[in-house]
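# Fold and contact review
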Amino acid sequence: ILNVEQSPQSLHVQEGDSTNFTCSFPSSNFYALHWYRWETAKSPEALFVMTLNGDEKKKGRISATLNTKEGYSYLYIKGSQPEDSATYLCNRIDKLIFGTGTRLQVFP
Amino acid sequence: KAGVTQTPRYLIKTRGQQVTLSCSPISGHRSVSWYQQTPGQGLQFLFEYFSETQRNKGNFPGRFSGRQFSNSRSEMNVSTLELGDSALYLCASSETTGPPYNEQFFGPGTRLTVL
């Protein structure tokens with residue numbers, strides 16, 4: 001993988017559903033991966049900074065895992081709420097590459 | 001602390017003109033990065049400044065330039081505007097550059113429209 005790829009591009013879920021999406025990135029010479037949440041009409045906001053293989057970070061109902069050997073990170077949202085609706089971006093910060101994001105919409 | 005501020009928030013220019021965008025980082029942050037966001041392209045890295053020095057540069061033509069002042073405020077300039085330069089321009093600040101790659105704090109962006 002030469003770029004940072006995110007899947008799916010968009011996701012529509014019902015309130016209460018749990019969901020997850022993927023960030024795939026070049027695994028060579030890895031240093032750090034950042035996850036951001038970008039709500040409409042707001043600025044991107046950092047969720048997690050991940051550096052170590054096997055890292056697992058959690059913030060409320062949102063958690064993320066990191067596999068640097070195979071070059072992927074998962075973001076999980078448990079019990080999605082309408083306020084979780086946003087675009088979620090991952091960023092291989094040391095390579096200055098952002099993925100195109102996963103747009104999540106949670107319907108009440 | 002006040003957040004990252006960007007001015008102006010909206011700008012309309014015509015092809016061939018030039019434009020300057022400004023970014024004031026969070027107090028104490030010395031790294032400022034600039035990104036371009038266009039539909040379908042995601043966030044594309046333009047350049048990063050740290051302590052008045054350009055540390056990294058993305059794959060953009062020379063029409064895109066920037067600078068950073070001693071107070072860490074940064075400006076980005078685009079000369080000879082093209083229609084394709086219409087985009088949201090975001091700046092982000094962080095305490096340092098390089099490892100340990102602290103999180104970035106983004107400004108609200110400048111929406112540039114080129115007619």
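Here the structure is a predicted model, which is why all the values come from computation and not from measurement.

The side chains of a regular strand alternate, residue by residue, between the two faces of the sheet. Residues and elements named next belong to chain A. Both strand β4 (residues 33–38) and strand β5 (residues 45–50) contribute to a ladder of five bridges, which runs antiparallel. Paired with Arg37 across the bridge in β5 is Glu45. Linking β4 back to β5 in an antiparallel pair, the connection comprises six residues, with Ala41 at a positive phi of about 70°.

Let us now look at the state of the cysteines. All names here are of chain B. As enumerated under the stated definition, the model contains two disulfides over all chains in all. A sulfur-sulfur separation of 1.9 Å characterises the disulfide bridge that pairs Cys23 with Cys91. Because the torsion about its S-S bond is 65°, the bridge between Cys23 and Cys91 counts as right-handed. With a gap of 68 residues between them, Cys23 in strand β3 (residues 19–24) and Cys91 in strand β9 (residues 87–94) connect regions that are remote in the sequence. Look at Cys91 and you get buried, because its relative accessible area is 0%.

This part is about the nonpolar core. Grouped together as the largest cluster of nonpolar side chains are 23 residues, with contacts concentrated most on Phe21(A), Leu33(A), Trp35(A), Phe48(A), Leu75(A), Tyr88(A) and Leu104(A). Of all the secondary structure elements, the ones that give two or more residues to this core are β2 (10–14), β3 (19–24), β4, β5, β7 (62–67), β8 (72–77), β9 (86–92) and β11 (102–107) of chain A. With 21 residues, the next largest nonpolar core counts Leu11(B), Leu21(B), Leu112(B) and Val114(B) among its residues.

Residue and element names in this part refer to chain B. Spatial strand order, β1-β3-β8-β7: four strands in an open sheet with antiparallel pairing. In the strand order of this sheet, the two ends are held by β1 (5–7) and β7 (64–68), each with one partner. The sheet shows a mean angle of 20° between the axes of neighbouring strands, taken without regard to direction. Note: β3 against strand β8 (residues 74–78), five bridges, orientation antiparallel. Bridging from a neighbouring strand, Ser22 pairs with Glu75 of β8.

Following the criterion strictly, the structure yields 13 aromatic pairs over all chains and no others. The interplanar angle of 40° and the centroid separation of 5.7 Å between the aromatic rings of Tyr35(B) and Phe106(B) together place this pair among those described as tilted. Of this pair, Tyr35(B) sits in strand β4 (residues 31–38) while Phe106(B) sits in strand β10 (residues 105–106), and the two are 71 residues apart along the sequence. Comparing Tyr35(B) with Phe106(B), the two get one shared label, buried. What links up through ring pairs into an aromatic cluster is the set Tyr36(A), Phe98(A), Tyr35(B), Phe45(B) and Phe106(B).

Taken together, the 19 residues of chain B in the interface contact 16 residues of chain A. In total, chain B and chain A occlude about 1400 Å² of area from one another, counting both sides; carbon and sulfur atoms represent 71% of this. Per-residue buried area on chain B facing chain A is highest for Leu43(B), Tyr101(B) and Phe106(B); these three make up 42% of the total on that side. If you look at where chain B meets chain A, you find zero salt bridges. Looking at the side of chain B that touches chain A, its residues break down into ten nonpolar, eight polar and one charged.

Conventions adopted
- Residues numbered from 1 in each chain as written.
- Chains lettered and ligands numbered in written order.
- Predicted model: local features only at pLDDT ≥ 70, side-chain atom pairs only at ≥ 80, totals over all residues.
- Heavy atoms only, no water.
- Pairing = 2+ DSSP bridges.
- Helix = DSSP H or I, 4+ residues; strand = E, 2+ residues; numbered from the N terminus.
- Disulfide = S-S within 2.5 Å.
- Buried < 20%, exposed > 50% of the residue type's maximum accessible area, 1.4 Å probe, protein only.
- Core = buried A, V, L, I, M, F, W, Y, C linked by side-chain atoms within 4.5 Å.
- Axes fitted to C-alpha atoms, helices over the stretch in contact; angles between N-to-C directions.
- Phe/Tyr/Trp six-rings, centres within 6.5 Å; stacked < 30°, edge-to-face > 60°.
- Contact = heavy atoms within 4.5 Å.
- Buried area = accessible area lost by both parts, 1.4 Å probe.
- Salt bridge = Lys/Arg side-chain N within 4 Å of Asp/Glu carboxyl O.
- Nonpolar A, V, L, I, M, F, W, Y, C, P; charged D, E, K, R; others polar.

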